[in-house]
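# Working through the structure, step by step
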Amino acid sequence: DSGDAEAMIQKIQTGTRKIRQELSQARLIRAVHSERQLQELMVDFWMNHFNIFMPKGLDRVYTTGFEENVIRPRVFGSFEDLLMATAKSPAMLFYLDNWISSAPAEVMEERIAQLRNGFDRGSGPGRRGDRGARRQSAMGEEKLQGAARVLRRAKGLNENYARELMELHTLGVDGGYSQQDVIEVARALTGWTFQGPQQGGNFHFQSFLHEAGDKRVLGHNIPSGGIEEGEQIIRMLAHHPSTARFISSKLVRRFVADEPPPELVDAASQTFLRTGGDIREVLRSIFNHPRFFSPEFHQAKAKKPLELVASSLRSVAAEVGPSRQLVNLMARMGESLYLCQDPTGYPDVASAWINTNTLLTRLNFALVL
């Protein structure tokens, strides 16, 4: 419950800075020394697309698993698989508050009352020495206490994740959804939470928190069905034409130009839809497109700090080990890994990185190197 979570946060707070420093150093070491450079670029891309603000509460410890177990194994796979994994990640559930999203308070109170009434009717006075009856009574009381803890955690409907799921993760801000769609998706995702940190912090569907009933999202009826409601919506969003265009635009912006060429975006979108969101094939369609090597796009992209530092160190065949100095240097250039508070993640356009202060830091880095 939330009390246990706060106690755990206090207990680990002194060591979480070290966790972030080591995770940042590991990211840089991989970027410099890995022979799979495209994979490292795609890890960075998806970590920003599905951004997590590491200092927020339990994400101090959940972010490591988010990168290692959710993002890294899926950077070239199915977008649906990646989207579903992030949706069920404790890091994302905590960051965007879906772990406390629940049916309305009055519904939750009614469920507690029904549970207590059922317990009172079924517990009756046991015979003297009836250990089975006493054990059943103790189990019933424990269940009631657990339900009460869940009720204290429940805060009613929370739209944060549902909104970012459509606006930032799939359809895009102009993807054709409405505020009512946000509400319906949020209702479908109630009960998507995780077990407490002491139980491993794994994804858990808590039916007690779920708001039952049919939903209607983007013109599609979603029958009442517990966890299947959210899974059906995520699959639908993962294959939506607006999602294909939004993801393709971001990938073209990442690898070609700040203003993505429409013909490249069209080609990538068609591949996305034709292959069911196969990320590897979408990238292949971008890299093999005749416009990819057009002179107008040669050196059209400004490097983010992580790219600048990693590529510079690779160019001089530097041996890089754990280095707080290099991590701090990237922060002075504006990119503190895992510390972007906005769910948008760090931007991928030159205007975000090139200004008087950061240019001076880049020049000083080049001189030191």
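Residues numbered from 1 in each chain as written. Predicted model: local features only at pLDDT ≥ 70, side-chain atom pairs only at ≥ 80, totals over all residues. Heavy atoms only, no water.

### Thoughts on the layout of surface pockets
The test is simple: Here the term cavity refers to a set of points on a 1 Å grid, laid over the protein atoms alone, in which a 1.4 Å probe fits but cannot get out; the term pocket refers to an open set having protein on both sides within 12 Å along at least five of seven lines, with lining residues being those that place an atom within 4 Å of a point. Grid points are joined across faces, edges and corners, and a volume is the space filled by probe spheres set on the points. Strands are runs of DSSP state E lasting at least 2 residues, helices are runs of H or I lasting at least 4, and numbering of each runs from the N terminus. Ten residue types, Ala, Val, Leu, Ile, Met, Phe, Trp, Tyr, Cys and Pro, are classed as nonpolar, four, Asp, Glu, Lys and Arg, as charged, and the remainder, Gly among them, as polar.
Within this model, the largest pocket holds a volume of roughly 630 Å³. The set of elements that each furnish at least two residues to the lining of the largest pocket consists of helix 1 (2-33), helix 2 (37-49), helix 11 (241-255) and helix 14 (305-315). With five residues, the top contributor of residues to the lining of the largest pocket is helix 14. Taken together, the residues of the lining of the largest pocket break down into 12 nonpolar, five polar and nine charged.

### Describing unusual backbone geometry
Definition in use: Burial here depends on accessible area, computed with a 1.4 Å probe over protein chains only, as a share of the maximum for the residue type. Under 20% is buried, over 50% is exposed, and the range in between is partly exposed.
One non-glycine residue, L218, lies in the positive phi region at around 55 degrees. In this fold, L218 is placed in the loop between strand 3 (215-217) and strand 4 (220-222). The backbone of Q299 shows a phi angle near 55 degrees, a positive value even though the residue is not glycine. The exposed category is assigned to Q299, whose relative accessible area is 71%.

### Description of the confidence of the model for the chain
Heads up, the condition is: Confidence scores labelled pLDDT are given residue by residue by the predictor and lie between 0 and 100. Residues count as neighbours in contact if any of their non-hydrogen atoms are within 4.5 Å of one another.
Confidence in the prediction for the chain averages 89 pLDDT; 86% of positions are at 70 or higher. Below pLDDT 50 for its whole length, residues 124-128 participates in one contact with residues either more than four positions away or in separate chains.

### Overview of the side chain of D181
Rules: For the purpose of counting charges, residues Lys and Arg are taken to be positive, whereas Asp and Glu are taken to be negative. His and the chain ends are not included. Counted as salt bridges are all cases of a side-chain nitrogen of Lys or Arg within 4 Å of a carboxyl oxygen of Asp or Glu.
Of note, D181 is situated in helix 9 (residues 179-188). Of the side chains bearing the opposite charge, R216 lies closest to the buried D181, which forms no salt bridge; the N-O distance is 7.5 Å. When sequence neighbours within four positions are dropped, the list of residues in contact with D181 reads M166, G176, R216, V217 and L218.

### Remarks on the packing of aromatic side chains
In plain terms, the rule: Pairing of aromatic rings covers Phe, Tyr and Trp, the last counted by its six-membered ring, and requires centre-to-centre distances within 6.5 Å; plane angles under 30 degrees mean stacked, over 60 mean edge-to-face, and any other angle means tilted. Any Lys NZ or Arg CZ found within 6 Å of a ring centre and within 35 degrees of that ring's normal is scored as a charge over the ring.
Applying the stated criterion across every chain, the model contains 13 aromatic pairs. Ring centres of F50 and F79 lie 6.4 Å apart, and the angle between their planes is 25 degrees; on these two criteria the pair is classed as stacked. Residue F50 is found in the loop between helix 2 and helix 3 (59-71), and its partner F79 is found in helix 4 (residues 79-87); the two are separated by 29 residues along the sequence. For the pair F50 and F79, a shared accessibility class is recorded, and that class is buried. Here the aromatic cluster, defined as three or more aromatic residues joined through ring pairs, consists of F45, W46, F50, F79 and F272. A cation over a ring is seen here: K250 above F45, with NZ or CZ 5.9 Å from the ring centre. Between the NZ or CZ atom of R254 and the centre of the ring of F255, over which it lies, the distance is 5.1 Å.

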